[in-house]
There are 2 protein chains.
Amino acid sequence: MDFVNPYGRVYVLRIGHRPGRDKRVTTHVGLVARAFGANGFVLEGCDESVLESLRKVMRVWGGSMVVECCSSGVEYVRSWKASGGEVVHLTMYGLPLDDVIDVIRVSPRPKLVIVGAEKVERFYYEESDYNVAVGNQPHSEVSALALFLDRLFRGRWAYIEFRGAKLRILPSSRGKMVVRVGGGRGEPDEGSGDVH
Amino acid sequence: MDFVNPYGRVYVLRIGHRPGRDKRVTTHVGLVARAFGANGFVLEGCDESVLESLRKVMRVWGGSMVVECCSSGVEYVRSWKASGGEVVHLTMYGLPLDDVIDVIRVSPRPKLVIVGAEKVERFYYEESDYNVAVGNQPHSEVSALALFLDRLFRGRWAYIEFRGAKLRILPSSRGKMVVRVGGGRGEPDEGSGDVH
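Residues numbered from 1 in each chain as written. Chains lettered and ligands numbered in written order. Predicted model: local features only at pLDDT ≥ 70, side-chain atom pairs only at ≥ 80, totals over all residues. Heavy atoms only, no water.

So, the environment of B:Lys111
Residue and element names in this part refer to chain B.
Phase 1: Mapped onto the fold, Lys 111 is located in strand S5 (residues 111–115).
Phase 2: Looking at Lys 111, the relative accessible area reads 0%, which means it is buried.
Phase 3: Separated by 104 residues in the primary sequence, Lys 111 and Tyr 7 have C-alpha atoms spaced 7.3 Å apart.
Phase 4: A polar side-chain atom of Lys 111 sits 2.5 Å from a polar atom in the side chain of Glu 86. (Helix = DSSP H or I, 4+ residues; strand = E, 2+ residues; numbered from the N terminus. Buried < 20%, exposed > 50% of the residue type's maximum accessible area, 1.4 Å probe, protein only. Polar contact = N/O pair within 3.5 Å; in protein donor to acceptor, adjacent residues only side chain to side chain.)

See the structure below:
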């Protein structure tokens, strides 16, 4: 089954990224965006090491997610809304995912999903169309994004085919089986970035 | 609705933690364990800063998850199995979550869910009862664990009541509403650790 995103664009905007401290968590946010079906990842602040990690994963494992950066998350949100898109802000203070996801899912508008770091400016709470909580407990922006995209796309991430992949995993009950697309055996761990 | 875990114990074992580099990601793994219904978090290698972060979140936001460390993940797995428990290893090389979760769910045995860092020893692939992939794509151990627990407990994390919480969030369409349990207004951000 091929994965068809019915919204045209579902982009993830990571705001408040602090280059030293957040590099790994932000990279995980970007990897989740790709693996769970978003078609764009935008990083506020141009941390090339994060962007390059994501591009490297895409060169090996395929897919065509847009990876870019912007200098101001606020400006990015303004222009997203001005062009007719809607904005979802993930925050533990928001409305329960289960209560709002159906409303978000039926709207055909392009969606910008905002994922914050520790402090988030008031602007995002006020200007987002939806403030959504994946549980009202502290956990992680990585897990919050994964659950949000899972519910938005009704679990179809499991069937996405990532075009242009050089390596593909053959699911295995023990060990690692990786094939090179177009023939040959891949090297496990080659460019895998993370265990999951 | 109160959350009843039918397995007695669902523990998460984080292996291969590197104190400097992995502190934040490992803390997120621990927070996900708690928020999504595990009742124990075990860290291989006793990094007190991670354990203390988790305990702090529990003092503020409640819950009774066991938080502990062990010197050897291998020994921990051996003794878990010796006492009749089963072991699930999350890895992008494993069998698809959707294909195995029903089998895992119906078994009443206590479950140890292993979450690795970058390199995972062969032992874990061989000795686990299940090697499970939350998609065969690289993303994050944080998101993999969240999805696994979500499917295991059929989304009941949304209804867990964390006993002994000092603060509780009132879901809000805009802004932050936090109450102090037993009366009064809480301070948003107090001990929240992370945005989500």
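And the narrative resumes.
So, the pattern of salt bridges
Phase 1: The final tally for this structure, using the stated rule, is 28 salt bridges over all chains.
Phase 2: Residues A:Arg24 and B:Asp22 are paired through a salt bridge, measuring 2.6 Å at the closest nitrogen-oxygen approach. Taken together, the positions of A:Arg24 in helix H1 (residues 19–35) and B:Asp22 in helix H1 (residues 19–35) put the pair across two chains.
Phase 3: One network of salt bridges, in which partners are shared, links A:Glu48, A:Glu52, A:Arg55 and A:Arg59. (Salt bridge = Lys/Arg side-chain N within 4 Å of Asp/Glu carboxyl O.)

Re the sheet that holds strand S6 (residues 130–133) of chain B
The pairing of strands in a sheet happens through backbone hydrogen bonds and is either parallel or antiparallel.
Residues and elements named next belong to chain B.
Phase 1: The strand order across the open sheet formed by six strands is S3-S2-S1-S5-S4-S6, and the pairing between neighbours is parallel. Both edges of this open sheet fall to strand S3 (66–70) and S6, since each of them pairs with a single strand only. Averaged over all pairs of adjacent strands, the angle between their axes in this sheet comes to 30°, without regard to strand direction.
Phase 2: In the sheet, strand S4 (residues 86–96) pairs with S5 via five bridges, with the strands oriented parallel. When the bridges of S5 are listed, Leu 90 appears paired with Val 115. (Pairing = 2+ DSSP bridges. Axes fitted to C-alpha atoms, helices over the stretch in contact; angles between N-to-C directions.)

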